[in-house]
Amino acid sequence: MSGSLMGTALSGLRAAQIGLSTTSNNIANVETKGYNRQIIGLSESGGTSASGLFAGSGVSVTGVQRQYEQYLSTQLNDANSELGASKSHLAQISQIDNLLADDGGINKQMQSFFAGMQTLADNPANTSTRQALLGDAQSMTAQFRATDSYLKNMSNNTVAQMGGVVDEINSYSKQIATLNVQITQTQAKTGTPPNDMLDQRDLAVAKLSELTGISVVNQDGQYTVSLSTGQSLVSGKQVQKLEMVDAEDDPTRRAVALRASDGSLFELDESKLTGGTLGGLTQFRSQSLEPTQLRLDQIAHTLATSVNELQTGGFDLDGDAGKALFTAGTPAVVASSANIGNGMPTVSFTDDISRVAASNYKLTVNSNEASGYSLTRLDSGQAVNAADAGLDVTVPAGMTNGDSFVIKPLANAAGQLSVSSEMTPEGIAARGSLSEGVRGNSNALAMANVQNQNLINGSTSLNTAYASLVSDVGNKTATLKSSNAAQTQISQELKSAQQSVSGVNIDEEAANMLKYQQLYSASAQMIRASSEMFDALIGIMR
């Protein structure tokens, strides 16, 4: 009897010890990121039957279980992924918003230039007025170049940040794959799940979800992690790395690619690479930064081309034919790195400025087309005719079918905009014909009126186009701020729900500690009582 009592008391003592150890571990890790609260599982030990009686034999510890809810963790990771994308996009676009909203920016400089042209029209023979106009033109073009330089630096910084995030993603992917192996091996040896490793793996997944959108599937205790684009990053112990590479269609542009297990590179679809910091950066570049650069280039190109057309059609103060006031860029053509042939199409502008859109194009050689090629707008994916895009395209004979090229009509229009080095104050062609004399101003009036003409897309003036650009960036920034605030609230609520299951509550652990202390003391007393009974029995037998 005393032996049975001793065994029962010892089982209680062991349960109390493990309970105290588990509670102590919870308290020690109350501030440990990624730690999931642990509890011990208890079950009644099998009883024994003797002399027609059935008696219990104590308690068994079935294991130490971590309080983890997969559904809540997945929801929290998804929310944090969306929050990461929103934060990174907002942080970047806010810089553009501040740049364009500057009261002393491009809009003010354009107004000063056209006001100076109107002043010249009022007094076309005045050399000082001409010199002042030239100064206004130089200030305006300098502002265009400075803004373009700022945006190009942002583009370079964005690519650099993307590269840093890609390195972090690869690091966490490797950690998850390593832990997949360690967890499987440890569980096979011990028969129990290694809670610390499980916590480490889930923390790595949580960190990874903050960097990019992912989906996770648990297959026989191992995680398979896939990108939002559908490609697998981690499958058991196998890891596929991300890399920054030159885009195949446009080698001047950096893109994210997946290095497959066989060593091949697969360029990821940027439009589907969503979620996390990486998704936010790619969306910012493709949806905010590059459209802003194109619209700025469109304004610069339209201004320079329109003024130059009038300038070269008039006569300067000395009676000579006018020369171009501004430098004007030409379309750039970039060959795909996958091309087989060496030929290059030639691209130039038509006379219809209003058709030149803020977009790049993809030209694909196709001998079945009458023109010898097909042309697609990259911003919308729509097929267009070159003439409708304000372009004159010539594809040389003998080019290889399927070869493709990116046409950038407005490449560096703002970055290269400047006053011609040959231009002098006297060279401004204020008069439209020699018959007007030195006080002729018809051409100056026409150039001053350029700001009021609907030249952008055939429907918008220069000033209105720039104001629309500023407004669109501002509205997108405001929308992202609102979205970011809402997503922050969602993440906080999900974090609270997840912590209510997995988080350590000090008050609850204190109560558990007291409970297990009492169990330990009571079990120890039972052991002492059992020992005294055994001693008494031995004494009787003597």
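Just so we're clear, the structure is a prediction, and the values are computed from it rather than from any experiment.

S.K.: Account for a nonpolar patch on the surface, naming residues and giving values.
M.R.: A cluster of nonpolar side chains, contributed by Ile 27, Val 30, Ile 506 and Met 513, occupies part of the molecular surface with about 280 Å² of accessible area. Inspection of the secondary structure assignment puts Met 513 in helix α9 (residues 506-541). Met 513 sits in the partly exposed class, given a relative accessible area of 34%.

S.K.: Residues and numbers for the environment of Leu 417, please.
M.R.: Tracing the sequence through the fold places Leu 417 in the loop between β17 (404-408) and α7 (442-448). With near-sequence residues (within four places) excluded, Leu 417 lies in contact with Thr 141, Phe 144, Arg 145, Ala 300, Ala 304, Phe 326 and Thr 327.

S.K.: With reference to specific residues and values, describe the packing of helix α6 (residues 276-311) against helix α8 (residues 462-502).
M.R.: Following both chains from N to C, one finds α6 and α8 inclined at 170°, their axes separated by 10 Å at the closest point. Taken together, the axes of α6 and α8 lie roughly antiparallel to each other. Residues Gln 287, Ser 288, Thr 292, Arg 295, Leu 296, Ile 299, Thr 302 and Leu 303 of α6 lie in contact with α8, whose contacting residues are Leu 462, Ala 465, Tyr 466, Ser 468, Leu 469, Asp 472, Val 473 and Lys 476.

S.K.: I'd like to hear about the packing of aromatic side chains, residue by residue, with values.
M.R.: Here the structure, examined in full by the defined rule, presents two aromatic pairs. On the basis of an interplanar angle of 65° and a centroid distance of 5.1 Å, the ring pair of Phe 113 and Phe 114 is categorised as edge-to-face. Side by side, Phe 113 and Phe 114 carry an identical accessibility label, which is buried. It is Arg 201 that lies over the ring of Tyr 223; its NZ or CZ is 3.7 Å from the centre. Stacked on the ring of Tyr 516, the Lys or Arg Lys 515 has its end atom at 5.1 Å from the ring centre.

S.K.: Please provide a residue-by-residue account of the packing of helix α2 (residues 70-100) against helix α5 (residues 195-211), values included.
M.R.: Two quantities define a packed helix pair, namely the angle between the axes and the distance from one axis to the other. It is at 7 Å that the axes of α2 and α5 come closest, and there the two elements cross at 35°. As for how α2 packs across α5, the hand of that crossing is right-handed. Counted together, Asn 77, Asn 80, Ser 81 and Gly 84 of α2 and Val 205, Ala 206, Ser 209 and Glu 210 of α5 form the full contact between these two elements.

S.K.: Give me unusual backbone geometry: which residues, what numbers.
M.R.: Generally, phi is negative for residues other than glycine and the peptide bonds are trans, each holding for most cases. You will see that Asn 412, though not glycine, has its phi angle at about 60°, which is positive. Position of Asn 412 relative to the elements: it lies in the loop between β17 and α7. On the basis of relative accessible area, Asn 412 is assigned to the partly exposed category, the value being 30%.

S.K.: Could you give an account of the environment of Gly 539, with specific residues and numbers?
M.R.: Counting through the fold element by element, Gly 539 comes out in helix α9. The exposure class of Gly 539 is partly exposed, given its relative accessible area of 41%. Residues Gly 539 and Ser 261 lie 278 residues apart in sequence; the distance between their C-alpha atoms is 77 Å.

S.K.: Account for the environment of Gly 402, naming residues and giving values.
M.R.: Within the secondary structure layout, Gly 402 lies in the loop between β16 (391-394) and β17. C-alpha of Gly 402 to C-alpha of Asp 472: the two residues are 70 residues apart in sequence and 37 Å apart in space.

S.K.: Explain the sheet that holds strand β10 (residues 254-259) residue by residue, including any values.
M.R.: The strand order across the open sheet built from three strands is β9-β10-β11, with neighbouring strands paired in antiparallel fashion. The open sheet terminates on both sides in strands that have one partner only, identified here as β9 (241-246) and β11 (265-267). Neighbour to neighbour, the strand axes of the sheet diverge by 40° on average, direction disregarded. Relative to β10, β9 runs antiparallel, the two sharing six bridges. The partner of Met 244 across the bridge, within β10, is Val 256.

Cut-off values and rules
Residues numbered from 1 in each chain as written. Predicted model: local features only at pLDDT ≥ 70, side-chain atom pairs only at ≥ 80, totals over all residues. Heavy atoms only, no water. Patch = residues over 30% accessible without salt bridge, like charges linked within 9 Å, V, L, I, M, F, W, Y side chains within 5 Å. Areas by Shrake-Rupley, 256 points an atom, 1.4 Å probe, with all protein chains shown as cover. Salt bridge = Lys/Arg side-chain N within 4 Å of Asp/Glu carboxyl O. Helix = DSSP H or I, 4+ residues; strand = E, 2+ residues; numbered from the N terminus. Buried < 20%, exposed > 50% of the residue type's maximum accessible area, 1.4 Å probe, protein only. Contact = heavy atoms within 4.5 Å. Axes fitted to C-alpha atoms, helices over the stretch in contact; angles between N-to-C directions. Parallel < 35°, antiparallel > 145°, perpendicular 65-115°, else oblique. Phe/Tyr/Trp six-rings, centres within 6.5 Å; stacked < 30°, edge-to-face > 60°. Lys NZ or Arg CZ within 6 Å of the ring centre and 35° of its normal. Left-handed = near helix turned anticlockwise from the far one by under 90°. Pairing = 2+ DSSP bridges.

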